[in-house]
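Take a look at the letters that make up each chain.
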Amino acid sequence: MSITVSMWSGKSGEIKRFLKSFYQKEVKAEEDISQWIYVYNKPLEAIDIISALMDNKDKYKISMFIQIDRGDLYLINEYNHNDIVKSLIQLVHSKYIV
């Protein structure tokens, strides 16, 4: 199972600024990128970046979506991000419960 995290922004430099803050180092990306996509093969690793953007939503004009395997895209926002994080944890743990 994989989780694809996608970020979009119409504000030039916004995604790069967020990624630089998240990774706490310089990020190799063009200044004006408007989209960033990363596939997490270990789904729980996506929780950190989801939480970081939602915790700093007032600082960045970025929209975030997730996709489980090749399923539908789900918008993550300040109202549903806790439920999405809980669902990811439950999804991964239920996979190992027989």
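Here the structure is a predicted model, which is why all the values come from computation and not from measurement. (Residues numbered from 1 in each chain as written. Predicted model: local features only at pLDDT ≥ 70, side-chain atom pairs only at ≥ 80, totals over all residues. Heavy atoms only, no water.)

**Student:** So, the sheet that holds strand β1 (residues 3-8): which residues are in play, and what are the values?
**Tutor:** As summarised here, the arrangement of the 4 strands in space is β2-β1-β3-β4, forming an open sheet in which the pairing is antiparallel. Each of the sheet's edge strands pairs with one partner strand only, and the pair in question is β2 (35-40) and β4 (73-76). The mean angle between the axes of side-by-side strands here comes to 25°, regardless of whether they run parallel or antiparallel. Both β1 and β2 contribute to a ladder of 6 bridges, which runs antiparallel. The residue bridging Trp-8 from the neighbouring strand is Gln-35, located in β2. Against the sheet, helix α1 (residues 14-23) engages β1 and β2, with an angle of about 40° to β2. (Pairing = 2+ DSSP bridges. Helix = DSSP H or I, 4+ residues; strand = E, 2+ residues; numbered from the N terminus. Axes fitted to C-alpha atoms, helices over the stretch in contact; angles between N-to-C directions. Contact = heavy atoms within 4.5 Å.)

**Student:** How would you explain the side chain of His-81 if you had to name every residue and give the values?
**Tutor:** Note that His-81 resides in helix α3 (residues 81-96). The class for His-81 is buried, based on a relative accessible area of 11%. Setting aside residues no more than four positions away along its own chain, His-81 makes contact with Met-54 and Ile-76. (Buried < 20%, exposed > 50% of the residue type's maximum accessible area, 1.4 Å probe, protein only.)

**Student:** Can you lay out the nonpolar core for me, pointing to particular residues and giving the numbers?
**Tutor:** Side chains of a nonpolar character, in soluble globular proteins, are inclined to be buried together. Residues Val-5, Met-7 and Phe-18 are the most contacted members of the largest nonpolar core, which totals 24 residues. Counting only elements with at least two residues in this core, the list comes to β1, α1, β2, α2 (46-55), β3 (63-68) and α3. No other element matches the 7 residues that α2 contributes to this core. (Core = buried A, V, L, I, M, F, W, Y, C linked by side-chain atoms within 4.5 Å.)

**Student:** Report on α1, specifying residues and quantitative values.
**Tutor:** Residues of α1 that are buried include every one of Glu-14, Ile-15, Lys-16, Phe-18 and Leu-19, and no others. Its buried side turned inward, α1 meets β1, β2 and α2.

**Student:** Summarise the environment of Val-92; cite the residues concerned and give the values.
**Tutor:** The residue Val-92 is located in helix α3 in this model. Distance from Val-92 to Tyr-40, taken between C-alpha atoms, is 13 Å for residues 52 residues apart in sequence. In this view, Val-92 contacts Met-1, Pro-43 and Leu-44; residues no more than four positions away in its chain are not counted.

Purely geometric numbers; function is a separate question.
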